[in-house]
Amino acid sequence: TEAIGLYNLGQSCCLNSLLQVFLMNIRFTRILRRITVPPSPAQRRSNVPYQMLLLLEKMQCGKCKAVGPTELACCLSEHRVELFVQHDAAQLFLTLWNLLKKQMKKPELVKELRDLYMICIQEHMACQKCSFEVKSKSTMLTLPLPVLDANSHRLKTLEDCLQYFFHPEELTGQNMCFCQQCGRKTTFLQSMKLVHLPQTLTLHLKRFCFERSSRTHKLSHSLPFPQELDLRQVLTESQCQADDSEKATWQYELFAVVAHSGSASCGHYCAYIRSLTDCKWYCFNDSEVCQVSWDDVKCTYGHSNLYWRETAYLLFYMKKHPE
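Just so it is clear, the structure is predicted and the values come from calculations on it, not from any experiment.

**Section: the domain arrangement of the protein chain**
It is common to give the size of an interface as the accessible area lost on bringing the parts into contact. Along its sequence, the protein chain is carved into domain 1 (1–118) and domain 2 (141–167 + 198–322). For domain 1 and domain 2, the distance between their C-alpha centres works out to 22 Å. Contact residues are listed per partner, giving 32 residues for domain 1 and 33 residues for domain 2. For the pair domain 1 and domain 2, the two sides together bury roughly 2600 Å², of which 68% comes from carbon and sulfur. In this structure, Lys65 and Glu288 form a salt bridge, with 2.7 Å as the shortest nitrogen-oxygen distance. Elements with a minimum of two residues in the side of domain 1 that touches domain 2: strand E1 (5–6), helix H1 (13–23), helix H2 (26–32), helix H6 (89–103) and helix H7 (107–117). The greatest single-element share of the side of domain 1 that touches domain 2, amounting to 7 residues, is contributed by H1. The class makeup of the residues in the side of domain 1 that touches domain 2 is 19 nonpolar, 9 polar and 4 charged.

**A look at the nonpolar core**
Judged by nonpolar contacts, the single largest core of 55 residues is most densely connected at Phe22, Phe28, Met104, Tyr117, Val258 and Leu314. Split by domain, this core shows at least three residues from each of two domains, domain 1 (1–118) and domain 2 (141–167 + 198–322). Residues within four places of Tyr117 in sequence aside, it is in contact with Phe22, Asn25, Phe28, Phe93, Trp97, Met140, Leu141, Pro198, Thr200 and Thr202. Core analysis: the second largest hydrophobic core is formed by 41 residues, Ile119, Leu143, Leu223 and Tyr301 among them.

**Topic: the pattern of salt bridges**
Under the definition given, this model contains 9 salt bridges. Asp115 serves as the salt-bridge partner of Lys111, at 2.8 Å between the closest nitrogen and oxygen. Taken together, the positions of Lys111 and Asp115, both in helix H7 and 4 residues apart, correspond to about one turn of that helix. The class of Lys111 is exposed, set by a relative accessible area of 51%. Here Asp295 and Lys298 are joined by a salt bridge, their closest N and O atoms 3.5 Å apart. Placement of both Asp295 and Lys298 in helix H11 (residues 294–298) is noted, with a separation of 3 residues, approximately one turn of the helix.

**What to know about unusual backbone geometry**
Look at Gln11: it is not a glycine, yet its phi comes out positive at around 55 degrees. Here Gln11 is to be found in the loop between E1 and H1. For Gln11, a relative accessible area of 40% puts it in the partly exposed group. Positive phi is not limited to glycine here, since Cys279 has a value of about 60 degrees. With respect to the helices, strands and loops of the structure, Cys279 is situated in the loop between strand E15 (267–274) and strand E16 (281–285).

**A look at the environment of Asp244**
Relative to the assigned elements, Asp244 resides in helix H10 (residues 244–247). Judged by relative accessible area, Asp244 falls into the exposed class, the value being 63%. C-alpha of Asp244 to C-alpha of Cys120: the two residues are 124 residues apart in sequence and 16 Å apart in space.

**A closer look at the packing of aromatic side chains**
Taken as a whole and assessed by the stated rule, the structure comprises 11 aromatic pairs. With a centroid separation of 5.0 Å and an interplanar angle of 80 degrees, the aromatic rings of Phe165 and Phe166 are classed as edge-to-face. For Phe165, a relative accessible area of 14% corresponds to the buried category. Take Phe166: its relative accessible area is 1%, and that puts it in the buried class. Ring geometry for Trp281 versus Trp294: centroids 6.0 Å apart, planes at 40 degrees, classification tilted. Residue Trp281 is found in strand E16, and its partner Trp294 is found in helix H11; the two are separated by 13 residues along the sequence. We note that Trp281, like Trp294, is buried.

What counts and what doesn't
Residues numbered from 1 in each chain as written. Predicted model: local features only at pLDDT ≥ 70, side-chain atom pairs only at ≥ 80, totals over all residues. Heavy atoms only, no water. Domains from an automatic or database assignment. Contact = heavy atoms within 4.5 Å. Buried area = accessible area lost by both parts, 1.4 Å probe. Salt bridge = Lys/Arg side-chain N within 4 Å of Asp/Glu carboxyl O. Helix = DSSP H or I, 4+ residues; strand = E, 2+ residues; numbered from the N terminus. Nonpolar A, V, L, I, M, F, W, Y, C, P; charged D, E, K, R; others polar. Core = buried A, V, L, I, M, F, W, Y, C linked by side-chain atoms within 4.5 Å. Buried < 20%, exposed > 50% of the residue type's maximum accessible area, 1.4 Å probe, protein only. Phe/Tyr/Trp six-rings, centres within 6.5 Å; stacked < 30°, edge-to-face > 60°.

Written as structure tokens, this is what we have:
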């Protein structure tokens, strides 16, 4: 009946934020509730979906303002997820998702999990000297969106980042590829086309970049993102490899933001999530949960002169009209 926080076990703010995003997603918890319970105590202790389900049930008891994800954290450590260290939210999200997929035994649940989160992309490579071309499809859990262009100029909006990600790139000089038809290295045009989008679309804003000194630097400049996102309006026909019925479902509403404050080497995560039951926004900051406004969420757009302020890092959009 109310949002419940998660106690910080020691640098577990990243894990806590991602768990809240998973467990506040009703479509995900519908899958989670149908898992097969492992038969032995040892198997139950090391089963990530089962431990996540136990945590969900503990949170839904509603007897306290926060609960500790201790058993789940211990379970994750058995799968080589380090505890008490700084994590990158994009990497940890991928790790959690892979563990969930691997340990869900029912094929129909694995399919539903993939349908809920997986993006399908077609990569197209075309030789610029002849007619040779190669097409290959791949799946991604998140779209890793650059926030700078090739000349290190800041991209101004989320829509700009999406257009830049799907913009064709000419591979010249040292980046030339071997053409089977020409029999030598030639200039290729590399392009990505969107084939299929999931129910929950995850966008990764690449705020952390490597400098020449090999240190990681955080890009904190302002990057607005909309509450409603229609990919049909953002991408061109040439950037899509989908029929009209698929593209008709590409209308999204913002569901959650995982935000990072601090520097690349020392920071803190929290999650802003729009409840699917009362449609209000909440801030999940470890054990503290409070209702917030859209203006509060917009504070995660970023600001060049406010280096330590919260900056959106992962954006989760949910389909407005699912199939």
